[in-house]
Amino acid sequence: MSSLRLLPLLHSLLLLQVHLSDQLEDNKIPPSLCTGHPGIPGSAGAHGGPGQPGRDGRDGRDAAAGEKGQIGETGDPGETGVRGLTGDRGDNGEKGERGQAGECAVAPKSAFSVKLSEGHALPLTVGDVVRFDQVVINEQSDYNTETGRFTCKVPGVYYFAVHATVYRASLQFDLMKNAHIVASYFQYYGNWPKPASLSGGSLFHLVPGDQVWVQMALSEYNGFYSSTKTDSTFNGFLVYSDWKNSAVFA
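Residues numbered from 1 in each chain as written. Predicted model: local features only at pLDDT ≥ 70, side-chain atom pairs only at ≥ 80, totals over all residues. Heavy atoms only, no water.

### Topic: the layout of surface pockets
Once rolled over the atoms, a probe with the size of a water molecule shows which space is left empty.
Reasoning step 1: The volume enclosed by the largest pocket comes to roughly 230 Å³.
Reasoning step 2: As for the largest pocket, its lining consists of 15 residues, and the residues nearest its centre are Leu-122, Arg-168, Phe-224, Tyr-225 and Ser-226.
Reasoning step 3: Secondary structure elements with two or more residues in the lining of the largest pocket: strand 5 (156-177) and strand 9 (222-225).
Reasoning step 4: Top element by residues in the lining of the largest pocket is strand 9. It accounts for four residues.
Reasoning step 5: Split by residue class, the lining of the largest pocket holds six nonpolar, seven polar and two charged. (1 Å grid on protein atoms, 1.4 Å probe; cavity = no way out; pocket = protein on both sides within 12 Å on 5 of 7 lines; lining within 4 Å. Points joined across faces, edges and corners; volume = space filled by probe spheres on them. Helix = DSSP H or I, 4+ residues; strand = E, 2+ residues; numbered from the N terminus. Nonpolar A, V, L, I, M, F, W, Y, C, P; charged D, E, K, R; others polar.)

### Remarks on the nonpolar core
Reasoning step 1: In this structure, Phe-132, Phe-160, Phe-224 and Phe-234 are the most contacted members of the largest nonpolar core, which totals 30 residues.
Reasoning step 2: Of all the secondary-structure elements, those providing two or more residues to this core are strand 1 (111-115), strand 5, strand 6 (180-187), strand 7 (196-206), strand 8 (211-216) and strand 10 (233-241).
Reasoning step 3: Look past the residues within four positions of Phe-132 in its chain and what remains in contact with it is Val-114, Lys-115, Leu-116, Tyr-143, Thr-145, Val-162, Val-214, Phe-224, Ser-232, Thr-233 and Phe-234. (Core = buried A, V, L, I, M, F, W, Y, C linked by side-chain atoms within 4.5 Å. Buried < 20%, exposed > 50% of the residue type's maximum accessible area, 1.4 Å probe, protein only. Contact = heavy atoms within 4.5 Å.)

### Describing the packing of aromatic side chains
Reasoning step 1: Within this structure, the stated rule accounts for 20 aromatic pairs.
Reasoning step 2: Ring geometry for Phe-132 and Phe-224: centres 6.1 Å apart, planes at 90°, overall edge-to-face. In this pair, Phe-132 sits in the loop between strand 1 and strand 2 (134-137) while Phe-224 sits in strand 9, placing the two residues 92 residues apart along the sequence. Considered together, Phe-132 and Phe-224 belong to a single accessibility category, that of buried residues.
Reasoning step 3: Put simply, the rings of Phe-112, Phe-132, Tyr-143, Phe-150, Tyr-158, Phe-160, Phe-173, Tyr-185, Phe-204, Phe-224 and Phe-234 touch in pairs and so form one group of aromatic residues.
Reasoning step 4: Positioned over the ring face of Trp-213 is Arg-149, at 3.8 Å from the centre of the ring. (Phe/Tyr/Trp six-rings, centres within 6.5 Å; stacked < 30°, edge-to-face > 60°. Lys NZ or Arg CZ within 6 Å of the ring centre and 35° of its normal.)

### Thoughts on unusual backbone geometry
Reasoning step 1: The backbone of Ser-141 sits at a positive phi, close to 55°, despite the residue not being glycine.
Reasoning step 2: With respect to the helices, strands and loops of the structure, Ser-141 is situated in the loop between strand 2 and strand 3 (143-144).
Reasoning step 3: Notably, Asn-191 is not glycine yet its phi reads approximately 60°, a positive angle.
Reasoning step 4: Note that Asn-191 resides in the loop between strand 6 and strand 7.

So, in structure tokens, the structure goes:
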């Protein structure tokens, strides 16, 4: 079917629709003439979503100052802080007054060395003191050539030694302290053409007044000998002092 044949049909249908519309408008009842009963309330609607935040309000007026509060309790001490830098050196103080002169501490001394002189008469009986009569050194005069005894003046430890040339007879002597034998020495002589020798020594702890000497042990063993080429000597010296009344010796 061609489009030209359809045009009259479409025109007829349009006119019919307009006519029907006018009749419907004419049959409408005014709202004022239709009064019915109120309807049943509808169900509550769903909650709406949160609204957008409102704008910040204006700043309020400053309030009056409140009363001063009470003082709070003292807090716990804080941790120790880091050590600060060393400060500058202060000025030198004034020079103090000169102190009183102190006592001069002089180390105690005691030493001697003596020997038998050539041809010196020797003791022949037991218990006699051997008197070394020739002084080599005796600055403190602690050894007495008349008695043959050393007398202690400074308390402490001493060392004593005897060197004897043995000739013409055997020799035995004792090293004595206050009448007590500390050490004994013996040398046999067998009619040899040349002298023999005998030496010995010992440490002593002495206090002021103590005496030390060499004493014959047996009368027949008295072979001490001295000549221009060989000597018999007795020596002693202070090793250290224990003098307690001076700080330097404490």
